[in-house]
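Residue-level structure breakdown
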Amino acid sequence: QVQLVESGGGLVQPGGSLTLSCAGSGFILEDYAIGWFRQAAGKEREAVACSSTSYGTIYYADSVKGRFTVSRHNRKRTVYLRMTSLKPEDTAVYYCAAEGLGLADGGCNENDYDYWGQGTQVTVSS
């Protein structure tokens, strides 16, 4: 079955950088759209960035645009979220999600994703 595992979270000072990884198994990565979402304590989950299965389309939330970058390594079956210029408001549990039927290719709606990882905590604090 499809499985996703996030890793790379931790404690970072404001202005620092961190790269999260989402390792997949049980599916062909290039056939799936991958999304990154986050949920801060006491708040609703929100979209961060999503990459489509075709043409390399990537969506970034306004709050992270210019600071976060999504990339994927199909051979390693891994998607990365490079985060730079981190702010305290970036503190949250970060999740990766996958969808294989093309429904998630047009945006970054969490309801379009079928498979989710367990999440990894990112804390930005001085």
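To start, this report covers the structure provided alongside it. (Residues numbered from 1 in each chain as written. Predicted model: local features only at pLDDT ≥ 70, side-chain atom pairs only at ≥ 80, totals over all residues. Heavy atoms only, no water.)

1. Overview of the sheet that holds strand 8 (residues 78-83)
- Strand order in the open sheet formed by four strands is 1-3-8-7, and the pairing between neighbours is antiparallel. The open sheet is flanked by strand 1 (3-7) and strand 7 (68-73), the only strands paired with a single partner. On average, adjacent strands in this sheet sit at an angle of 15° to one another, irrespective of strand direction.
- Here strand 1 runs beside strand 3 (residues 18-25); their pairing, made up of five bridges, is antiparallel. By the bridge assignment, Gln3 is partnered in strand 3 with Ser25. (Pairing = 2+ DSSP bridges. Helix = DSSP H or I, 4+ residues; strand = E, 2+ residues; numbered from the N terminus. Axes fitted to C-alpha atoms, helices over the stretch in contact; angles between N-to-C directions.)

2. Considerations on the state of the cysteines
- Under the counting rule described, the total for this entry stands at two disulfides.
- The residue that forms a disulfide with Cys22 is Cys96, at a sulfur-sulfur distance of 2.0 Å. Looking along the S-S bond of the Cys22-Cys96 disulfide, the torsion reads about 65°, which is the right-handed sense. In this pair, Cys22 sits in strand 3 while Cys96 sits in strand 9 (residues 92-99), placing the two residues 74 residues apart along the sequence. You'll find Cys22 and Cys96 in the same group, each marked buried.
- Among the cysteines of the protein chain that take part in disulfides, numbered as they appear in the sequence, the pairing is 1-3, 2-4. (Disulfide = S-S within 2.5 Å. Buried < 20%, exposed > 50% of the residue type's maximum accessible area, 1.4 Å probe, protein only.)

3. Examining the packing of aromatic side chains
- In the structure shown here, the tally under the stated rule is four aromatic pairs.
- With 5.4 Å between their ring centres and 75° between their planes, Phe37 and Tyr113 make a pair best called edge-to-face. Residue Phe37 is located in strand 4 (residues 33-39), and its partner Tyr113 is located in the loop between strand 9 and strand 10 (115-116); the two are separated by 76 residues in the primary sequence.
- Looking at Phe37, the relative accessible area reads 1%, which means it is buried.
- For Tyr113, a relative accessible area of 5% corresponds to the buried category.
- Ring-pair connections join several aromatic residues into one group, and the members of that group are Phe37, Tyr113 and Trp116.
- Over the face of the ring belonging to Trp116 we find Arg45, whose NZ or CZ atom lies 4.0 Å from the ring centre. (Phe/Tyr/Trp six-rings, centres within 6.5 Å; stacked < 30°, edge-to-face > 60°. Lys NZ or Arg CZ within 6 Å of the ring centre and 35° of its normal.)

4. Some details on the pattern of salt bridges
- All chains considered together, the criterion is met by five salt bridges.
- Here Glu46 makes a salt bridge to Arg38, at a shortest N to O gap of 2.8 Å.
- On the accessibility criterion, Arg38 (5% relative accessible area) is buried.
- Each of the salt bridges in this network shares a partner with another, and the network as a whole consists of Arg38, Glu46, Arg67 and Asp90. (Salt bridge = Lys/Arg side-chain N within 4 Å of Asp/Glu carboxyl O.)

5. A few points about the nonpolar core
- With 28 residues, the main nonpolar core has Leu20, Trp36, Val48, Phe68, Leu81, Met83 and Tyr94 as its most contacted residues.
- Broken down by secondary-structure element, the contributors of at least two residues to this core are strand 3, strand 4, strand 5 (46-51), strand 7, strand 8, strand 9 and strand 11 (120-124).
- The greatest single-element share of this core, amounting to four residues, is contributed by strand 9.
- Membership of the second largest hydrophobic core comes to seven residues, among which are Phe37, Cys50, Ala104 and Tyr113. (Core = buried A, V, L, I, M, F, W, Y, C linked by side-chain atoms within 4.5 Å.)

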